[in-house]
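Observations on the model geometry
Now for the letters of each chain:
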Amino acid sequence: MGFLRCVLSEWPFLRIRLLRTRLGVWLVLLLGVVWRLERSAVARDPLAAVLLVASGGATLCVAYLAGARADRTALGLALLHPRFPAAVTIGRWLAATSGAAIVVLVAAIHASVGIALAGLVTAATMSAWTLALAWWGGNVLVGAWLIWLALAGGASPEAVLARPHPGAGRYAVAWALELLPALWRYRGLAFGEPGAAAHAAVLIAFGLTAARTRAARAGPGQP
Amino acid sequence: MTGVVQVRGVRRVFRRGWGRPPVVAIAEATFAIGAGEVVCLVGAAASGKTTLLRLLAGVLAPTAGVIRIAGVSAAADVRSSVGFAPRDPAFPPGFTVREVLAYCASAHARGRERDAQVTDALDAAGLSERAGRRAASLPLADGRRLLLAQSLLGGRRVVLLDEPFAGLDAVTRRDLSDRLQRLVVTGGSVLLSSADPVGLERLADRVLVLRAGRLVVDAPATELLGGRILEVVLDVPPREAPPGFRVTATGLEADLGWRSAESALAVCRAHKLHVRASRVRLKTLDEATHDADVAAR
């Protein structure tokens with residue numbers, strides 16, 4: 001079977017989950033909340049809104065497309081047929097990214113092309129990272145990541161360390177914000193910063209490699 | 001050694017960390033399966049049946065030995081020629097039966113050919129009327145049918161079924177047996193595992209008995225099932241069984257071997273046992289595998 005055909009065969013996951021689960025409702029709710037927040041903000045920041053939609057949307061899509069225990073168990077069934085684990089991984093990542101891309105494009109409808117692109121790249125990065133979390137730890141890890149995004153996702157390391165005498169906890173959070181996918185860094189994507197693009201590329205490669213490694217280990221009947 | 005499936009000197013050891021000793025799941029297995037043959041792999045729980053099936057399906061690699069499927073080493077990708085149905089049904093949530101099969105079939109074909117494969121698999125497994133139902137919420141019997149259907153996709157001629165009848169009612173067991181027999185009539189080969197061989201007599205061409213990871217019996221079913229047993233119902237249970245007899249709940253029973261039933265009943269009379277009724281029956285596969293297992297100890 002061709003690698004590309006194997007990638008494309010993962011597409012039904014997005015269609016079916018959008019139409020038959022609450023994923024579609026959650027994505028619309030996410031859009032509504034971010035739109036409301038952006039409207040009520042004193043200084044409007046369309047870039048922050050788009051990045052928030054991208055990261056939240058990507059995480060939700062991965063949770064619904066790959067994170068459930070049944071989905072991880074069924075991965076073993078899929079690999080009983082002549083499929084490449086890498087193609088399954090890329091296909092599921094593209095499907096999740098596409099789901100997030102829909103809401104990103106809706107959120108960025110009045111924004112510049114740069115902001116829309118930043119949103120799309122952020123969605124791709126978050127999808128790859130979250131896919132690795134989902135296949136290694138299920139929706140428990142994905143949920144933890146969503147909470148992390150809600151609590152610290154919008155902060156920058158400088159802001160975390162800005163207070164005098166920061167403790168070990170603050171340093172740990174700052175390091176996490178430095179290393180993991182974070183919205184402060186991907187703001188630079190809208191302005192063509194190479195550092196942000198390089199970070200996104202490395203995180204996508206890392207996430208896909210980690211997810212592929214887990215997929216290759218999936219045996220039938222084993223989540 | 002000839003056959004569609006050839007297994008020679010296969011051994012599989014699972015290494016465990018933290019200084020714990022390795023687990024020998026398959027100590028030694030050598031056998032072959034021919035075209036159009038149904039082979040039942042029988043053994044107690046944790047005897048290595050699932051591991052052996054996973055080795056044949058290419059999901060696991062053997063620690064030692066050679067597995068060849070249709071002349072191709074299982075170390076290469078044999079998923080185009082070997083279908084494997086795991087024991088526990090697990091399907092992607094939200095997918096219908098047809099969508100699960102279409103998803104699996106997309107690895108083998110595309111377009112109309114894929115749709116034709118899906119339709120054939122639905123027919124072969126008896127799922128045509130339930131094609132629109134959600135796969136994740138199917139009852140166990142239909143889940144097993146769907147597992148069988150996906151293992152047939154792509155025109156695969158070797159089918160491995162892990163405990164396909166476990167937990168199923170007699171009607172479904174019979175129906176699935178008939179469908180498997182139809183498959184082997186067209187030249188397919190089936191290897192199915194079962195911890196409970198009851199009812200497999202009408203299906204099995206050959207029986208493999210696995211005991212603690214070692215293949216202790218590889219015999220045609222006719223050879224194992226050829227034995228006759230005399231069942232004797234007594235008015236009063238005996239204190240001890242006469243030579244060659246075993247005490248049962250209703251009386252006695254004995255392997256007849258080459259003896260006649262009359263000569264065995266004469267032994268009962270000689271021991272002054274009041275025989276109320278008697279009958280001669282064939283050994284069940286359950287008894288035959290148990291005897292073989294005991295003999296191998």
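All values derive from a computational prediction rather than experimental measurement.

Before going further, it helps to spend a moment on the overall build of chain A. For chain A, the helix and strand inventory stands at 11 helices and zero strands. For chain A, the succession of helices and strands along the chain, N to C, is α-α-α-α-α-α-α-α-α-α-α. Since a compact globule built from 223 residues should have a radius of gyration of about 17 Å, the 18 Å found for chain A is in line with a globular shape. Principal-axis analysis of the C-alpha atoms places the extent of chain A at approximately 55 × 40 × 30 Å. For chain A, the proportion of its 223 residues judged to be buried stands at 49%.

Turning our attention to the overall build of chain B. Within chain B, the secondary structure is distributed over eight helices and 14 strands. Its C-alpha atoms put chain B at 75 × 50 × 40 Å along the principal axes. Residues counted as buried form 41% of the 297 residues belonging to chain B. The long-range share in chain B, meaning contacts at least 24 apart out of those at least 6 apart in sequence, stands at 69%.

With that settled, the discussion passes to the interface of chain B and chain A. The interface of chain B with chain A comprises 26 residues on the first partner and 23 residues on the second. Sorting elements by how many residues they give to the side of chain B that touches chain A places helix α2 (residues 97–105) of chain B first, with three residues. Among the residues making up the side of chain B that touches chain A, the classes are represented as 14 nonpolar, five polar and seven charged.

Residue and element names in this part refer to chain B. Spatial ordering of the open sheet is given by β12-β13-β11-β14, a layout of four strands whose pairing is antiparallel. Lying at the two open borders of the sheet, with one neighbouring strand each, are β12 (246–247) and β14 (275–282). Inspection of the sheet shows strand β11 (residues 228–234) paired to strand β13 (residues 251–255) by five bridges, in the antiparallel sense. Bridge pairing in β13 links Val232 to Leu252. Relative to the sheet, helix α7 (residues 261–270) contacts β11, β13 and β14, its axis offset from that of β14 by approximately 145°.

For the rest of this paragraph, the subject is the pairing of strand β6 (residues 82–85) of chain B. All names here are of chain B. Taking every second residue as pointing to the same face, both faces of β6 are buried, with Val82 and Phe84 on one and Gly83 and Ala85 on the other. Looking at chain direction, β6 and strand β7 (residues 158–162) are connected through four bridges and run parallel. Bridge pairing in β7 links Ala85 to Leu161.

All names here are of chain B. Its identity is not glycine, yet Ala70 carries a phi of approximately 50°, on the positive side. By the element assignment, Ala70 lies in the loop between β4 (64–69) and β5 (72–73). The phi dihedral of Glu163 falls on the positive side, at around 50°, and the residue is not glycine. On the secondary structure map, Glu163 appears in the loop between β7 and α5 (170–185).

On to the environment of Val7(B), then. Residues and elements named next belong to chain B. Within the fold, Val7 resides in strand β1 (residues 5–14). Overall, the presence of 26 C-beta atoms within 10 Å leaves Val7 in the buried class. Here the alpha-carbon distance between Val7 and Gly65, two residues 58 residues apart in the chain, equals 7.7 Å. Sequence-distant contacts of Val7, that is, excluding residues within four places in its chain, are made with Ala29, Thr30, Phe31, Ala32 and Ile67.

Time to look at the nonpolar core. Ranked by internal contacts, the top residues of the largest apolar core, which has 147 residues, are Val50(A), Val104(A) and Leu56(B). In this structure, Val104(A) is in contact with Val50(A), Val53(A), Ala54(A), Gly57(A), Ala116(A), Gly119(A), Leu120(A) and Ala123(A), ignoring residues within four places of it in sequence. Counting residues in hydrophobic clusters, the runner-up holds eight residues, among them Leu230(B), Leu252(B), Ala254(B) and Cys268(B).

Attention shifts here to α2(B). Of all the nine residues making up α2(B), eight are buried; the element is thus mostly covered by neighbouring parts of the structure. Of all the residues in α2(B), the buried ones are Val97(B), Arg98(B), Glu99(B), Val100(B), Leu101(B), Tyr103(B), Cys104(B) and Ala105(B). Along its buried surface, α2(B) packs onto α2 (12–20) and α5 (69–78) of chain A together with α3 (111–125) and α4 (140–152) of chain B.

What follows deals with the environment of Ala141(B). All names here are of chain B. Note on placement: Ala141 falls in helix α4. Taking the C-alpha atoms as reference, Ala141 lies 8.2 Å from Asp169; in sequence the two are 28 residues apart. If we ignore the near neighbours within four places in the chain, the residues touching Ala141 are Leu168 and Thr172.

This part is about the domain arrangement of chain B. Residues and elements named next belong to chain B. Taken domain by domain, chain B comprises domain 1 (35–58 + 77–222) and domain 2 (226–296). The straight-line distance from the C-alpha centre of domain 1 to that of domain 2 is 37 Å. Counting residues at the interface gives 13 residues for domain 1, matched by eight residues for domain 2. Sorting the residues of the side of domain 1 that touches domain 2 by element identifies β9 (206–211), β10 (214–220) and α6 (221–225) as the ones contributing at least two each. Of the residues belonging to the side of domain 1 that touches domain 2, the class tally is 10 nonpolar, one polar and two charged.

The rules behind each value
Residues numbered from 1 in each chain as written. Chains lettered and ligands numbered in written order. Predicted model: local features only at pLDDT ≥ 70, side-chain atom pairs only at ≥ 80, totals over all residues. Helix = DSSP H or I, 4+ residues; strand = E, 2+ residues; numbered from the N terminus. Rg over C-alpha atoms; globule rule 2.2 N^0.38 Å. Buried ≥ 20, exposed ≤ 12 C-beta atoms within 10 Å, placed from the backbone. Contact = placed C-beta atoms within 7 Å. Nonpolar A, V, L, I, M, F, W, Y, C, P; charged D, E, K, R; others polar. Pairing = 2+ DSSP bridges. Axes fitted to C-alpha atoms, helices over the stretch in contact; angles between N-to-C directions. Core = buried A, V, L, I, M, F, W, Y, C linked by C-beta atoms within 7 Å. Domains from an automatic or database assignment.

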